[in-house]
Amino acid sequence: FSGFEHDDHVRIMLRREGKRLDQVTVRVRSVESRAACNFKAKVGVDFQAIDEVLEFPPGTRALTFRVSLCMATAAWSPPKHFEVELVEVVSGHASLGGPTIAQWGVKD
């Protein structure tokens, strides 16, 4: 996914697969990119860190959460990247599809 700094935030949809019969609670967080590049977004400078618990009630297929963006002071800056991770299942019966659920590029 991608977005623009002037949008103030990005919305991220987390989808649950399978039968969705029971309630499941998961934890997500935003982190600086682990990629070895010069275009890493910095916490508190380019985006705000989140560490949230999301609850999927029975039958719910998707939830949306947001990560706030910080406005750049420069007139132009290159695209920057951060990651959102699906950290753990807090409660319920579920397995994680992978730790990184999204990589995001900040654009001017």
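Attention in this report is confined to the structure presented alongside it. Since the model is a prediction, treat every value here as computed from it, not as a measurement. (Residues numbered from 1 in each chain as written. Predicted model: local features only at pLDDT ≥ 70, side-chain atom pairs only at ≥ 80, totals over all residues. Heavy atoms only, no water.)

Brief notes about the overall build of the protein
Step number 1: Across its full length, the protein holds 0 helices and 7 strands.
Step number 2: For the protein, the α and β elements follow one another from N to C terminus as β-β-β-β-β-β-β.
Step number 3: Once local pairs closer than 6 in sequence are excluded, the contacts in the protein between residues at least 24 apart make up 70%. (Helix = DSSP H or I, 4+ residues; strand = E, 2+ residues; numbered from the N terminus. Contact = heavy atoms within 4.5 Å.)

A short note on the pattern of salt bridges
Step number 1: Under the counting rule described, the total for this entry stands at 8 salt bridges.
Step number 2: Of the charged contacts, one joins R66 and D8 as a salt bridge, the two residues approaching to 3.7 Å between their closest N and O atoms. Placement of the pair is R66 in strand β5 (residues 62-68) and D8 in the loop between β1 (2-4) and β2 (9-15), with a sequence separation of 58 residues.
Step number 3: Overall, D8 belongs to the partly exposed group, its relative accessible area being 42%. (Salt bridge = Lys/Arg side-chain N within 4 Å of Asp/Glu carboxyl O. Buried < 20%, exposed > 50% of the residue type's maximum accessible area, 1.4 Å probe, protein only.)

Let's talk about the environment of D7
Step number 1: Mapped onto the elements, D7 comes out in the loop between β1 and β2.
Step number 2: Taking the C-alpha atoms as reference points, D7 and M71, separated by 64 residues in sequence, lie 9.0 Å from one another.

Section: the nonpolar core
Step number 1: Counting residues in each nonpolar core, the largest one holds 18 residues, and the members touching the most others are L14, V26, V28, L54, F65, V67 and F82.
Step number 2: At the level of elements, β2, β3 (24-32), β4 (51-56), β5 and β6 (80-91) are the ones that each hand at least two residues to this core. (Core = buried A, V, L, I, M, F, W, Y, C linked by side-chain atoms within 4.5 Å.)

Thoughts on the pairing of β5
Step number 1: What you see with β5 is a clean split: L63, F65 and V67 sit on the buried side and A62, T64, R66 and S68 on the side with no burial.
Step number 2: Alignment of β2 against β5, held across 7 bridges, turns out to be antiparallel. Paired with V10 across the bridge in β5 is V67. (Pairing = 2+ DSSP bridges.)

Details of the environment of V67
Step number 1: Looking at the element boundaries, V67 is found in strand β5.
Step number 2: Distance from V67 to A49, taken between C-alpha atoms, is 7.4 Å for residues 18 residues apart in sequence.
Step number 3: With residues near it in sequence (within four places) discarded, V67 still touches H9, V10, I12, S30, F47, Q48, I50, F82 and V84.

Description of unusual backbone geometry
Step number 1: Even without a glycine there, the phi angle at R20 is positive, about 60 degrees.
Step number 2: Residue position: R20 is located in the loop between β2 and β3.
Step number 3: Residue R20 is classed as buried on the basis of its relative accessible area, which comes to 19%.

Observations concerning the environment of V45
Step number 1: In this fold, V45 is placed in the loop between β3 and β4.
Step number 2: Spatially, the C-alpha atom of V45 lies 6.1 Å from that of C70, the residues being 25 residues apart in sequence.

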